[in-house]
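Descriptive analysis of the structure
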Amino acid sequence: MGTMTTLFGGGSSKDISGKSQTLGKATDATVITPLNPGKFGSVRTTPIVEAPRYFTKEETDAMKALAKDKTEGARQSKRAYKALSKIEEADAKVHKSHRSYESSVAANELTKKRADVKHAKNLHVLRPGYARLGIGLEKAETDAAARIEAIRTKLLGEVKQ
């Protein structure tokens, strides 16, 4: 297992290329992109009048009422689409802010890991000193035991076995 795999997980470089493919995907399957231009539908309330004709009073009154309704509907649709655009803009700001946050977390995590590695290296530099302390303690303990034994022998005239 490589260092990067150990630090960040994952199995192989195939995982990395898979991630870049994921980054290229849209946030939703129906979002408009160059590769997904959407549907070019339209709104048509009435059929096209293909030839000149006369209209009756009832047809005209009905069309005037429908025109009034559609005019109000168009005004409300315009307001709704404006609101939807503002929602998309807000969503994009949140998305961008979140990615900025994630970048900050990643950068600061790297700073923290670098500090950890620096600290670990410094601890390893200290290892010989600690080893020397251990040897020094062992020697002091051995010397003290030998002196105690010499005093005991001198005082008691016997050697402990």
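All values reported here derive from a predicted model rather than from experimental measurement.

When its secondary structure is counted, the chain shows three helices and zero strands. Element order for the chain, N to C, with α for helix and β for strand: α-α-α. Taking all 161 residues of the chain together, the buried fraction comes to 1%. Accessible surface, the chain: about 15,300 Å² in total, of which carbon and sulfur atoms supply 61%.

Let us look at helix 3 (residues 57–156). Compared with the 148 Å implied by 1.5 Å per residue over 100 residues, the 140 Å span of helix 3 between its first and last C-alpha is a close match. Along its length, helix 3 shows its largest kink, about 35 degrees, at Arg127, and proline Pro128 lies within four residues downstream of that point.

Predicted confidence across the chain gives a mean pLDDT of 87, with 85% of residues reaching 70 or more. Of all helices and strands in the chain, the one with the weakest mean pLDDT is helix 1 (residues 3–8) (51), whereas helix 3 scores best (94).

This part is about the pattern of salt bridges. The full count for this structure, using the stated rule, is seven salt bridges. In this structure, the salt-bridge partner of Lys113 is Asp116, at a minimum N-O distance of 3.1 Å. Highlighted residues: Lys113 and Asp116, both in helix 3, separated by three residues, approximately one helical turn. For Asp116, a relative accessible area of 43% gives the class partly exposed.

The next thing to look at is the environment of Thr46. By secondary structure assignment, the location of Thr46 is in the loop between helix 2 (13–24) and helix 3. What makes Thr46 partly exposed here is its relative accessible area of 40%.

As a further point, take a nonpolar patch on the surface. Among the surface-exposed residues, Leu123, Leu126, Tyr130 and Leu133 lie close enough to one another that they form a single nonpolar patch of about 440 Å² accessible area. Secondary-structure assignment places Leu126 in helix 3.

How each quantity is defined
Residues numbered from 1 in each chain as written. Predicted model: local features only at pLDDT ≥ 70, side-chain atom pairs only at ≥ 80, totals over all residues. Heavy atoms only, no water. Helix = DSSP H or I, 4+ residues; strand = E, 2+ residues; numbered from the N terminus. Buried < 20%, exposed > 50% of the residue type's maximum accessible area, 1.4 Å probe, protein only. Areas by Shrake-Rupley, 256 points an atom, 1.4 Å probe, with all protein chains shown as cover. Expected span 1.5 Å × (residues − 1). Bend = angle between axes of the 7 residues up to and from the residue. pLDDT = per-residue confidence, 0-100. Salt bridge = Lys/Arg side-chain N within 4 Å of Asp/Glu carboxyl O. Patch = residues over 30% accessible without salt bridge, like charges linked within 9 Å, V, L, I, M, F, W, Y side chains within 5 Å.

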